[in-house]
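# Topology and contacts: notes
For reference, the chains in residue letters:
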Amino acid sequence: QVQLVESGGGLVQAGGSLRLSCAASGRTFSSYSMGWFRQAPGKEREFVAGIRSGSSTDYADSVKGRFTISRDNAKTTMYLQMNSLKPEDTAVYYCAATGSYYVRNQSNYAYWGQGTRVTVSS
């Protein structure tokens with residue numbers, strides 16, 4: 001069982017930055033692939049970024065070059081550094097954990113956090 005708690009969301013102006021954190025419980029954090037997903041109002045939840053147990057990463061095209069995913073296994077925490085934020089990045093951001101290599105597929109994830117809201121004003 002893995003419990004995930006996101007933090008770091010808030011209101012920011014376009015062009016600004018935020019860093020999201022995802023704190024995980026459990027001693028097996030390092031063995032999981034982790035992902036960030038987001039759901040904008042009226043839209044389906046979508047993949048943002050993923051990081052595997054070996055620290056290889058994957059990004060949605062919409063955030064590539066602006067967002068950076070990372071993990072600290074000693075702190076059992078994952079991060080999402082978001083730079084050059086745009087109004088279209090406004091969404092609730094969720095972290096999730098999976099035992100799968102395929103980090104883009106939501107159905108692979110067994111554990112989800114409650115989400116943290118990010119609002120980017122124009």
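Residues numbered from 1 in each chain as written. Predicted model: local features only at pLDDT ≥ 70, side-chain atom pairs only at ≥ 80, totals over all residues. Heavy atoms only, no water.

Turning our attention to the packing of aromatic side chains. In the structure shown here, the tally under the stated rule is six aromatic pairs. Relative to Tyr-111, the ring of Tyr-32 has its centre 6.1 Å away and its plane inclined at 85°; by these criteria the two rings are edge-to-face. Remark: Tyr-111 occurs in strand β10 (residues 111-112) and Tyr-32 occurs in the loop between β3 (18-24) and β4 (33-39); sequence separation between them is 79 residues. On the accessibility criterion, Tyr-32 (16% relative accessible area) is buried. (Phe/Tyr/Trp six-rings, centres within 6.5 Å; stacked < 30°, edge-to-face > 60°. Helix = DSSP H or I, 4+ residues; strand = E, 2+ residues; numbered from the N terminus. Buried < 20%, exposed > 50% of the residue type's maximum accessible area, 1.4 Å probe, protein only.)

Moving on, we come to the pairing of strand β8 (residues 77-82). Every regular strand shows the same layout, with side chains that alternate between the two sheet faces. With respect to burial, β8 is a largely interior element, five of its six residues being buried. Sheet topology places strand β7 (residues 67-72) next to β8; six bridges connect them, and they run antiparallel. The partner of Thr-68 across the bridge, within β8, is Gln-81. (Pairing = 2+ DSSP bridges.)

A separate point is the environment of Thr-57. Mapped onto the elements of the fold, Thr-57 is located in strand β6 (residues 57-59). A residue is classified by how much of its surface remains accessible, and Thr-57, at 36% relative accessible area, is partly exposed. It is 7.3 Å that separates the C-alpha atoms of Thr-57 and Ile-69, two residues lying twelve residues apart in sequence. Other than its neighbours up to four places away in sequence, Thr-57 contacts Gly-50, Ile-51, Arg-52 and Ile-69. (Contact = heavy atoms within 4.5 Å.)

Our next topic: the pattern of salt bridges. Inspection of every chain in the model, using the stated rule, returns five salt bridges. Between Arg-104 and Asp-58 there is a salt bridge whose closest N-O contact spans 2.7 Å. Within this pair, whereas Arg-104 is found in the loop between β9 (91-98) and β10, its partner Asp-58 is found in strand β6, the two being separated by 46 residues in sequence. We classify Arg-104 as partly exposed; its relative accessible area is 43%. Of the residues examined, Asp-58 reaches a relative accessible area of 18% and is grouped as buried. Each of Arg-38, Glu-46, Arg-66 and Asp-89 takes part in a single network of salt bridges with overlapping partners. (Salt bridge = Lys/Arg side-chain N within 4 Å of Asp/Glu carboxyl O.)

Let us now look at the nonpolar core. With 35 residues, the main nonpolar core has Leu-4, Met-34, Trp-36, Met-78, Leu-80, Met-82 and Tyr-93 as its most contacted residues. Only β3, β4, β5 (46-51), β7, β8, β9 and β11 (116-121) provide two or more residues apiece to this core. (Core = buried A, V, L, I, M, F, W, Y, C linked by side-chain atoms within 4.5 Å.)

Right, let's get into the state of the cysteines. Counted according to the given criterion, the structure contains one disulfide. There is a disulfide in this structure between Cys-22 and Cys-95, and the S-S distance comes to 2.1 Å. One disulfide, between Cys-22 and Cys-95, carries an S-S torsion of 60° and so falls in the right-handed class. One end of the pair, Cys-22, is in strand β3; the other, Cys-95, is in strand β9, and 73 residues separate them in sequence. In terms of burial, Cys-22 and Cys-95 fall into one category: buried. (Disulfide = S-S within 2.5 Å.)

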